[in-house]
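Notes for the structure review
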Amino acid sequence: MTTPRPLTARHQALLEQLEELFLAEGFASFTLDDLAARLRCSKSTLYALADSKEQLAVTVVSRFFHNAASRIERRVAGEDDPRKVIGRYFEGISEELGVASEQFITDVAGTAATRTIYESRAREAARRIREFLAEGARIGVFRDVHTELVAQMVSLVIESIQTGELRSRVRVTDAEAFAGLRDLLLEGVMRDGSRR
């Protein structure tokens, strides 16, 4: 693995443009020549960002998911009610993935290096949900469910979303699938007296 290069303002701007382009159109079908033409830059400028097209995709996909995770965490920061935390967390996931085209998600899932990034973020989401469930059960707003079992079930659904299996069976976007999982989860763990 190469050492990350320091990025100039121009490089940061190019990464933002690449992220917008990849989110809208995916990345698997592009060559470096295509990307240089679309961004009106030289291939050497792209090589300053990454050593290959695959590494460029990894850089951009990693950047997207890292920034999305940070925005989602800010969304739930400071909220004490686990019901609202879970609701906001899943709303954040839905909104973040809502900007990604089906082609982007397909390309992420179809490329080993980028799929690994998505899988890592999915595991992190399952870990956070486990924490939210445990806290809700501890303070009595959620039923005392088998937190690890529920978290693993959520993790399996997240995995089926991430791999595209759920999308192919039900024809929903990943964002819609996460919104549905939120609703199912909250209805399943809520105590009768804590429903709002």
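That block above? That's the structure.
Residues numbered from 1 in each chain as written. Predicted model: local features only at pLDDT ≥ 70, side-chain atom pairs only at ≥ 80, totals over all residues. Heavy atoms only, no water.

**Things to note about the environment of Thr163**
Note the cut-off: Under the scheme used here, helices are H or I runs from DSSP no shorter than 4 residues and strands are E runs no shorter than 2 residues, and both carry numbers assigned from the N terminus. Think of it in three bands: residues with accessible area under 20% of the maximum for their type are buried, residues over 50% are exposed, and the middle band is partly exposed, with areas taken using a 1.4 Å probe on protein chains only.
In this fold, Thr163 is placed in the loop between helix H8 (147-162) and helix H9 (165-170). Judged by its relative accessible area of 38%, Thr163 falls in the partly exposed class. Taking the C-alpha atoms as reference points, Thr163 and Ala48, 115 residues apart in sequence, are found 31 Å from one another.

**Brief notes about unusual backbone geometry**
The phi angle at Arg40 is positive, at roughly 55 degrees, despite the residue not being glycine. Examined against the element boundaries, Arg40 turns out to sit in the loop between helix H2 (32-39) and helix H3 (43-47). With a phi angle near 60 degrees, Arg171 is a residue other than glycine that sits in the positive phi range. Positionally, Arg171 belongs in the loop between H9 and helix H10 (174-189).

**What to know about the packing of aromatic side chains**
The criterion, for reference: Stacked, tilted and edge-to-face are the three classes applied to pairs of Phe, Tyr and Trp rings, where Trp contributes its six-membered ring and a pair requires centres within 6.5 Å; stacked means planes under 30 degrees apart, edge-to-face means over 60, and tilted covers the rest.
Summed over the entire model, instances satisfying the criterion amount to 9 aromatic pairs. The interplanar angle of 75 degrees and the centroid separation of 6.3 Å between the aromatic rings of Phe27 and Phe104 together place this pair among those described as edge-to-face. You can see Phe27 sitting in the loop between helix H1 (9-25) and H2 and its partner Phe104 sitting in helix H6 (residues 102-110), a full 77 residues away along the chain. Like Phe27, the residue Phe104 is buried in the burial classification. A ring pair is formed by Phe65 and Tyr118, whose centres lie 5.1 Å apart and whose planes are at 25 degrees; its orientation type is stacked. Of this pair, Phe65 sits in helix H4 (residues 53-76) while Tyr118 sits in helix H7 (residues 112-139), and the two are 53 residues apart along the sequence.

**Some points on H10**
Inclusion rule: To estimate how far a helix should reach, multiply one less than its number of residues by 1.5 Å. Only heavy atoms matter for contacts: two residues are in contact if any of them lie within 4.5 Å across the pair.
Relative to the 22 Å expected for 16 residues at 1.5 Å per residue, H10 spans 22 Å between its end C-alpha atoms, a close match to the ideal helical length. Looking at H10, one finds that the buried residues are Asp174, Ala175, Ala177, Phe178, Ala179, Leu181, Arg182, Leu185, Leu186 and Val189. Contacts from the buried residues of H10 go to helix H5 (82-98), H6, H7, H8 and H9.

**Describing the nonpolar core**
Spelled out, the test is: In these notes, a set of buried Ala, Val, Leu, Ile, Met, Phe, Trp, Tyr and Cys residues joined through side-chain atoms within 4.5 Å is what counts as a nonpolar core.
Membership of the largest hydrophobic core comes to 56 residues, with the highest contact counts inside it found for Leu18, Phe22, Leu35, Leu46, Phe104 and Leu185. Elements supplying a minimum of two residues to this core: H1, H2, H4, H5, H6, H7, H8 and H10.

**Some remarks on the packing of H8 against H10**
Heads up, the condition is: Convention adopted: a line fitted to C-alpha atoms gives each axis, helices being fitted over their contacting stretch, and angles between N-to-C directions are expressed from 0 to 180 degrees. Any angle between 65 and 115 degrees counts as roughly perpendicular, while under 35 counts as roughly parallel, over 145 as roughly antiparallel, and the rest as oblique. Here a crossing is called left-handed whenever its near helix is offset anticlockwise from the far helix by less than a right angle, and right-handed whenever the offset is clockwise. Under the scheme applied, nonpolar residues are Ala, Val, Leu, Ile, Met, Phe, Trp, Tyr, Cys and Pro; charged residues are Asp, Glu, Lys and Arg; polar residues are all the others, including Gly.
Between H8 and H10, the least distance of the axes is 10 Å, while the angle of their chain directions is 165 degrees. The angle between H8 and H10 places the two elements in the roughly antiparallel class. In this structure, H8 meets H10 at a crossing whose hand is right-handed. Contacts between H8 and H10 involve Val150, Val154, Val157, Ile158 and Ile161 from the first element and Asp174, Ala177, Phe178, Leu181 and Leu185 from the second. Of the residues in the contact of H8 with H10, the class split is 9 nonpolar, no polar and 1 charged.

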